[in-house]
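# Structural features, examined
The residues making up each chain are set out below.
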Amino acid sequence: MEQMTEQAKEQLWSQRFLVGRFQRRKAIQKLAESSGIAGVMILAEAIAKDHPDSVRILEKLGQLSIDRDGDKVRALWDAWVTETKPVLAEILKRLDWASVLANSSGLDGVLRLVEALVQGHPDDAQILSALGRLSIDSDGDKVEVLWQRWGENPQISLARVLTNLGWPSDRPVNIPVLRKVLSAAKTDAPSEFLKCVVELTRCSPVDDPILNDAIYAAWVRSQSKELEALITEQGRQPGSIGYEVLHILVTGRMEHYAPIRDKGEEIETTSFTDAFDKASHPLRERLARAVGASGDRRLMALHRMAVARGQNDVDPSLKVANLILAGDEDGLFDVSEHLQLVNVIELCEHWVKTSARPSNPEKRQIVERAVQAYRTLGEFRVEPGPELPEGLVDIFDYWRKQESNDADLRTDLDSEDPFRRARGLYLGQERGLVEKDRFTKAFHSKHWPERLVAYLANSSFLAKAKDDHVFWMSVCAGDASLLGSRIGGSPDEYQYNTKRIEQAHGPAAARTRGLLEILCNFQKFFVGGLVALDEIVEPPSGHESLPQSEDAPMDALG
């Protein structure tokens, strides 16, 4: 047989006068009909070398039977992978080579199809169609290996196939595979990924607390509504009570919170704190709304404690936002002790728009006085700047219109382009993606776009903008040192600021006087009682260079 194949191989390229064409055709027929795969491999190689009778070779290969010639079809697939000739691809399509591989015994065929998808095979539709026709009952091993490979390298197209297939009903879910699949549940993950995660979770054990912790963690990362609903539907009990509390509260199932409260104040406090710590920023917003909607004073107190705890761990603006969502006016007042004046200005904006006030009469009066002082700031108007030259746009407006997702902004933060890093800082800090040390690094950057964003994000940096060599950045320093004043400062600072109110006269000083009144109003409550009446008012350490001019640009408030 081997001798006959070798002879046919020689005759395949025959150029003999008169009989050459006849010998080539006869060789093609013998090789196509020979047993084993050697014959079709020789023909495939001939196509790759542009055999003069390629059309006849393709015709013979197209007559192969999927049922009878499965090995030959797989051999053709190997040849196509090595030399991707379009004409050979057409034959493979007609032979439905993907189904041959998918239905072959063992796992090798399925693995090769998955690898082809990973490599960007041009006939991915045929591969996906073949994999989608696998039987969940008779092809359990193949389906399981598909899930395993997807967990290692998630793909949208294969995710759709697996979501439809599900998990073989005759076997328990492979836990290591499930954990890999759960890792695909991330912020901004494609919806196809999350559907895949939900489908495999649905088939997994319900009574495993450790596994349920991983499922809850995937929900927190992805904020998937489907996964959130599945947790409720299946009544999954996590090992961490913090996850349980978080899920109960953000889904509004307050009737399930009572058993946790019954465990005692200490456990309730610990579990709520843990829930707050585990929550992503969007879930903290939902948690705040749920606490506010409950009207439960105990929950509001726990939320207030969680927000106030670890003052350096959470951006001040996020703390304020969460307390506003919770409708916690007492908490807003209390957290002001740890804020700067610029943050309290934002609080005043909130109190101007609502009649809600702290429950304590003294705190309520302080808020009313601060609101009154805040309204005086509104008497000043910012004059519009000149029109931008034709073809130019405001860079901050341009960045916002791009609607970048979190993944894009994280990439920007590590970019070599300072403008892209500036965009990542500017938009990322609003979404809680930027850590404080990045702003410190940006403040010391040799590139002005990064320094500018650092100034805008942190008023303590803005106070130092006056020394910046970029003129139009230095002129924005203005009231920065005042806006950066700590509410919970020292008695000396309070006494000095009080004296400045007395020294601020005339219309040009009205805005500065209003800012100082707001500042001293709160400082009096937190540190004013510690001031000795006979102390001489001197500028506290570090304030010798406080601006005395009252004509700083109004932009300093923005």
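So, here's what we can say about the structure. Just so it is clear, the structure is predicted and the values come from calculations on it, not from any experiment. Here, residues in each chain are numbered from 1, in the same order as that chain's written sequence. Local features in a predicted model are, by the rule used here, given only for residues with pLDDT of at least 70; side-chain atom pairs are given and counted only at 80 or more, and totals for whole chains, interfaces and linings are based on all residues. Only hydrogens and water are removed before side-chain values are computed, so all heavy atoms of the structure are retained for them.

Side chains carrying opposite charge are able to pair once their charged atoms draw close together. Salt bridge criterion: a side-chain nitrogen from Lys or Arg within 4 Å of a carboxyl oxygen from Asp or Glu. This model, assessed by the stated rule, comprises 21 salt bridges. Across the pair R160 and E192 runs a salt bridge whose closest N-O atoms are separated by 3.2 Å. With R160 in helix 11 (residues 156-165) and E192 in helix 13 (residues 191-202), the pair connects residues that are 32 residues apart, well separated along the chain. Measuring nitrogen to oxygen at the nearest pair gives 2.9 Å for the salt bridge that ties R421 to E450. Placement of R421 in helix 27 (residues 418-428) and of E450 in helix 29 (residues 448-457) is noted, with a sequence separation of 29 residues between them. Note on accessibility: R421 and E450 belong to one class, buried. In this description a helix means any DSSP run of H or I spanning at least four residues, a strand means any run of E spanning at least two, and both kinds are numbered starting from the N terminus. Here's how the labels work: a residue is buried when its accessible area is under 20% of the maximum for its type, exposed when over 50%, partly exposed in between, all with a 1.4 Å probe on protein chains only.

So, about the side chain of S404. Turning to its location among the elements, S404 is positioned in the loop between helix 25 (395-401) and helix 26 (406-413). The class for S404 is buried, based on a relative accessible area of 6%. Distance and chemistry together define a polar contact, namely a pair of N or O atoms within 3.5 Å, with one atom able to donate a hydrogen and the other to accept it when in protein, and with adjacent residues in sequence counting only for side-chain atoms on both sides. A polar contact of 2.9 Å, which involves the side chain of S404, links it to the side chain of R423. In this view, S404 contacts L409, R423 and R431; residues no more than four positions away in its chain are not counted. Throughout, a contact is declared for two residues whenever any of their heavy atoms are within 4.5 Å.

Of all hydrophobic cores here, the largest spans 98 residues; its most connected members are L131, I518 and F522. Tallying contributions element by element places helix 14 (residues 209-222) first for this core, with eight residues. Not counting residues up to four positions away in its chain, the partners in contact with I518 are L341, V344, I345, C348, A370, A373, Y374 and L377. Among the buried residues, those of types Ala, Val, Leu, Ile, Met, Phe, Trp, Tyr and Cys that are joined through side-chain atoms within 4.5 Å form a nonpolar core. Counting 17 residues, the second largest nonpolar core, distinct from the first, contains F396, L413, F443 and Y455.

Moving on, we come to the environment of L182. Position of L182 relative to the elements: it lies in helix 12 (residues 175-182). Separated by 16 residues in the primary sequence, L182 and V198 have C-alpha atoms spaced 8.8 Å apart.

Moving on to the packing of helix 10 (residues 140-152) against helix 11. Where helix 10 meets helix 11, the closest approach of the two axes is 11 Å, and the angle between their N-to-C directions is 140°. Looking at the two axes, helix 10 sits oblique to helix 11. Crossing hand, helix 10 versus helix 11: left-handed. Contacts from V143, L146, W147 and W150 of helix 10 reach helix 11 at L158, A159, L162 and L165. Charged residues are taken to be Asp, Glu, Lys and Arg, nonpolar residues to be Ala, Val, Leu, Ile, Met, Phe, Trp, Tyr, Cys and Pro, and polar residues to be all remaining types, Gly included. For the contact of helix 10 with helix 11, the per-class residue count stands at eight nonpolar, no polar and no charged. Helix axes use the C-alpha atoms of the stretch in contact, all axes being lines fitted to C-alpha atoms, and the angles between their N-to-C directions lie in the range 0 to 180 degrees. These descriptions rest on fixed angle ranges, namely under 35 degrees for roughly parallel, over 145 for roughly antiparallel, 65 to 115 for roughly perpendicular, and the rest for oblique. Crossings are sorted by hand: turned counterclockwise from the far helix by less than a right angle, the near helix makes the crossing left-handed, and turned clockwise it makes it right-handed.

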